[in-house]
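So you can see what is in the structure, the chains are spelled out below.
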Amino acid sequence: MAKMRVVIYLRGDNDGRLDDSEKQCGEQAERFGWQVLEVIRHKVAAPGNLSQLVMKVSKLRAQMIVTDTLDMLSPDPAIRDGFMEAIERQRCIVHPVNMRRSEEHTSELQSHHD
């Protein structure tokens with residue numbers, strides 16, 4: 001049976017958190033025997049250009065994008081949903097290792113309520 005072809009995608013502004021997320025995603029891929037084609041890290045607080053990620057996935061013929069949390073793609077649900085639709089048209093799925101919100105997004109929400 002062919003291995004699942006995956007791309008690991010991470011976004012954030014904290015190297016330590018990105019390192020931890022990359023480790024978790026890599027361990028998940030190893031545990032399930034997935035073939036990691038590429039690890040993409042965007043060290044920015046704002047969402048990256050997801051259209052470039054769609055093109056990369058298509059070029060690599062990846063079947064899955066593995067990420068720590070869905071908000072690493074974008075904290076905006078509308079942008080995230082549009083991205084998921086575009087990725088599904090490429091016959092690819094998104095697999096978050098953790099379903100929780102990232103700590104940076106949670107702390108950002110808390111700061112708006114203070």
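What you are looking at is a predicted structure, and each value in this text was computed from that prediction instead of being measured.

> What's the story with helix H1 (residues 15-32) in this structure? I'm lost.
Count 3.6 residues to each turn of an α-helix, and residues three or four apart come out pointing the same way. The end-to-end C-alpha distance of H1, which contains 18 residues, comes to 26 Å, matching closely the 26 Å that a straight helix rising 1.5 Å per residue would cover. Among the residues of H1, those classed as buried are Leu18, Ser21, Cys25, Gln28 and Ala29. The buried residues of H1 all sit within an arc of 95° when viewed along its axis, so they share a single face. Facing away from the buried side of H1, by more than 90 degrees, are the exposed residues Asp20, Lys23, Glu30 and Arg31. Buried positions along H1 lie against strand S1 (5-11), strand S2 (35-42), strand S3 (64-67) and strand S4 (93-96). The backbone nitrogen of Gly16 lies 2.9 Å from a side-chain oxygen of the residue at the head of H1, namely Asn14. Positive phi appears at Gly33, one or two residues downstream of H1, with a value of about 75°.

> Any chance you could explain the sheet that holds S3 here in plain terms?
Pairing between the strands of a sheet is mediated by backbone hydrogen bonds and can be parallel or antiparallel. Read from one edge of the open sheet, 4 strands run S2-S1-S3-S4, paired in parallel fashion. Strands with a single pairing partner mark the edges of an open sheet, and in this sheet they are S2 and S4. Taken over all neighbouring pairs, the strand axes of this sheet differ in orientation by 25° on average, direction set aside.

Conventions and cut-offs
- All chains use their own residue numbering, which begins from 1 and follows the written sequence.
- At least 70 in pLDDT is required for a residue's local features to be given in this predicted model, at least 80 for side-chain atom pairs to be given and counted, and no such filter applies to totals for whole chains, interfaces and linings, which use all residues.
- No hydrogens and no water enter the side-chain calculation; it runs on all heavy atoms of the structure.
- Think of it this way: any DSSP run of H or I at least four residues long counts as a helix, any run of E at least two long counts as a strand, and we number them from the N terminus.
- One less than the residue count of a helix, multiplied by 1.5 Å, gives the span that helix is expected to have.
- A simple rule labels every residue: compare its accessible area, found with a 1.4 Å probe on the protein chains alone, to the largest value its type can have, and call it buried under 20%, exposed over 50%, or partly exposed in between.
- This arc corresponds to the set of directions leading from the helix axis out to the C-beta atoms.
- Residue contacts are defined here by distance: any two heavy atoms, one from each residue, within 4.5 Å place the two residues in contact.
- For this analysis, a polar contact is any N or O atom pair within 3.5 Å, provided that within protein one partner can donate a hydrogen and the other can accept it, and provided that sequence-adjacent residues contribute only side-chain to side-chain pairs.
- At least two bridges found by DSSP between two strands is the condition for calling them paired.
- The axes are straight lines fitted to the C-alpha atoms, using for helices just the contacting stretch, and the angles between their N-to-C directions are given from 0 to 180°.

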